Amino acid sequence: QVYQARLRSNGKLVAVKVQRPGVQAVISLDIYILRFLAGVARKVGKFNTDLQAVLDEWASSLFREMDYREEARNGLKFRELYGKLRDVMVPEMYLEQTRRRVLIMEWVEGVRLSEVRDLYLVEVGVYCSLSQLLEYGFYHADPHPGNLLRTIDGKLAYLDFGMMGEFRQELRDGFIEACLHLVNRDFDGLAKDFVTLGLLPATAQKDEVTKALTGVFESAVNKGVQNISFGDLSGNLGQTMYKFKFQIPSYFSLVIRSLAVLEGIAISFNPNYKVLSSSYPWIARKVLTDNSPNLRSTLYTLLYKDGTFQIDRLESLLTESLRARTEQTLVRTQQDESDSSRFAIKQVLSFTLTEQGAFVKDLLLQEIAKGLDALGVATLSSVTSAAASRLPFAPSPSPSLNNEEATNLRNLYRLLLLVAKTPQKENSSRAPGHESTGEKGDDGADDMSLVLNEMRSFPEFLPVLSVIPELSPESQQQFLLLPADLTNLVLSRAVARTIRRMFI
């Protein structure tokens, strides 16, 4: 039961939550009966999942919830971690006045989120949930409609902090990696992620699992990340889970519930809403900027296939990361196209010129250096060929571009477009005739022409230069160091290439 009262000390309006007498005995009996039935169901249904362990995880949270002092401490921690997020409201807890069966907390005036058509607040909830699950690992495990309110000033309020969950770091990384592998159709990597997350036993036949997951998920993923729904993903998964002895870890049901509730609320007034579409941009931004060794290794593996740079995947990650709702971009008003493009450029530069984005910056510099080196080779070859055509006894022309250098040149063109225009439209950064695998074996003349034409389009780079004064002093300093770093990389590659061609 919840009552309204005022504090004697300052007159503040508070909610007084009182536990009903005998409720612990009633719940204990219910749990005992459910646990017995779960054991019978597992034996009769031959389930791989330990249903009783799942029930125990839920029951332990439920019993902790009955100690209101623990709930107050949870509320204080939740407020400290997430109470400062834009348009998120976490009520204040009064721990000194709280007892085991009586909780005193700030009174919140509002309407249930499920009763108002506010998709923006659902987006706020998704962002906050992802911060809980993947940033800090301390999450609200019971975000049912009664615990989510739209306050009178338009904020999303969280209530009831009795049932909370902890998401360990290795599981957080595994969840992010699974999303990346799913979206990029790396089903072999996805099979390994399922082992990390505890969904598959380590003894599972990875090749067979990969083949099965490809059949289950490929058609859903082909629709694009913005159109993937949990319904599509789970369509044929049941049979696959049974065949390969999938198991549901005790933590998993609480994690999925925390996101499924938000999707359910949104779908009630927007049938086309996809929670993964709102989640993936945040995940893309996380993997680009996180310092976790596991995520950096995953990013490198994702961007380099058989040693070849996959620029399509980088463009996709950057495009999605710019859609991410952050504390700075989680706003109601929509910017016009010019402001949006300028803001996107600033966002890209901001996180690549900071310590968090140093890993991505180094990758970009390496690839630009490769492209400039290939451009030098193509230019020298073109000049030599032109000279040879005019002189009767000219030396043999320099060797033309090989497949690797031609690929590097095409990637340079794509990277120039990426920096100058930002990946706002799918076709705006695709070079004509681009083949990311480098199988095109021409002399690179067309590619060189494309790059030189792009370089001559200097006005395209003006937006990049115009946002530099708006960056932080540290980022501006890092920007000024880029030419020297790039020059050193290009010279190193040129010397190594010259030595290689002389002796090999």
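A short tour of the structure in this document, coming up. (Residues numbered from 1 in each chain as written. Predicted model: local features only at pLDDT ≥ 70, side-chain atom pairs only at ≥ 80, totals over all residues. Heavy atoms only, no water.)

Structural notes on the nonpolar core
Logical step 1: Counting residues in each nonpolar core, the largest one holds 104 residues, and the members touching the most others are Leu-134, Phe-167, Phe-217 and Leu-317.
Logical step 2: Per-element tally for this core: the top contributor is helix H4 (residues 119-136), with 10 residues.
Logical step 3: Listed in part, the 11 residues of the second largest apolar core include Ile-345, Val-467, Ile-468 and Leu-486. (Core = buried A, V, L, I, M, F, W, Y, C linked by side-chain atoms within 4.5 Å. Buried < 20%, exposed > 50% of the residue type's maximum accessible area, 1.4 Å probe, protein only. Helix = DSSP H or I, 4+ residues; strand = E, 2+ residues; numbered from the N terminus.)

Structural notes on the sheet that holds strand E3 (residues 88-89)
Logical step 1: With respect to topology, four strands assemble into an open sheet ordered E3-E8-E7-E5, the strand pairing being mixed. This sheet does not close on itself; its edge strands, each paired only once, are E3 and strand E5 (110-112).
Logical step 2: Sheet strands in contact with H4 are E3, strand E7 (148-151) and strand E8 (156-158), and its direction is about 45° off that of E8. (Pairing = 2+ DSSP bridges. Contact = heavy atoms within 4.5 Å. Axes fitted to C-alpha atoms, helices over the stretch in contact; angles between N-to-C directions.)

Quick word on the sheet that holds strand E2 (residues 13-18)
Logical step 1: Strand order across the open sheet formed by three strands is E1-E2-E4, with antiparallel pairing between neighbours. The two strands at the open ends of the sheet, each matched to only one other strand, are strand E1 (2-6) and strand E4 (102-106). Strand-to-strand twist across the sheet, computed as the mean angle between neighbouring axes with direction ignored, equals 30°.
Logical step 2: Relative to E4, E2 runs antiparallel, the two sharing five bridges. In the sheet register, Val-16 faces E4, and the bridge partner there is Ile-104.
Logical step 3: Lying over the sheet, helix H3 (residues 68-82) contacts E2 and E4, oriented at roughly 20° with respect to E4.

Quick word on the packing of H4 against helix H10 (residues 252-267)
Logical step 1: Remark: H4 packs on H10, axes separated minimally by 10 Å, with the N-to-C direction vectors making an angle of 170°. Regarding the angle of H4 to H10, the classification is roughly antiparallel. On H10, the residues touching Leu-119, Val-122, Gly-125, Val-126, Ser-129 and Leu-133 of H4 are Val-255, Ser-258, Leu-259, Leu-262, Ile-265 and Ala-266.
Logical step 2: In terms of residue class, the contact of H4 with H10 is built from nine nonpolar, three polar and no charged. (Parallel < 35°, antiparallel > 145°, perpendicular 65-115°, else oblique. Nonpolar A, V, L, I, M, F, W, Y, C, P; charged D, E, K, R; others polar.)

Here we look at helix H13 (residues 311-322)
Logical step 1: Between its first and last C-alpha, H13 extends 17 Å over 12 residues, near the 16 Å set by a 1.5 Å rise per residue.
Logical step 2: Of the residues making up H13, those classed as buried are Ile-311, Leu-314, Glu-315, Leu-317, Leu-318, Glu-320 and Ser-321. (Expected span 1.5 Å × (residues − 1).)

Remarks on empty space enclosed by the protein
Logical step 1: Inspection of the entire model under this criterion finds two cavities of 30 Å³ or more.
Logical step 2: In this model, the largest cavity occupies a volume close to 40 Å³.
Logical step 3: Taken together, the elements giving at least two residues each to the lining of the largest cavity come down to H4 and H10.
Logical step 4: Here the lining of the largest cavity is composed, by residue class, of four nonpolar, four polar and no charged. (1 Å grid on protein atoms, 1.4 Å probe; cavity = no way out; pocket = protein on both sides within 12 Å on 5 of 7 lines; lining within 4 Å. Points joined across faces, edges and corners; volume = space filled by probe spheres on them.)

Some details on the environment of Glu-109
Logical step 1: Mapped onto the secondary structure, Glu-109 falls in the loop between E4 and E5.
Logical step 2: Residue Glu-109 is classed as partly exposed on the basis of its relative accessible area of 46%.
Logical step 3: Separated by 44 residues in sequence, Glu-109 and Asp-153 have C-alpha atoms that sit 9.4 Å apart.
Logical step 4: Those residues in contact with Glu-109 that sit more than four places away from it in its chain are Thr-151 and Ile-152.

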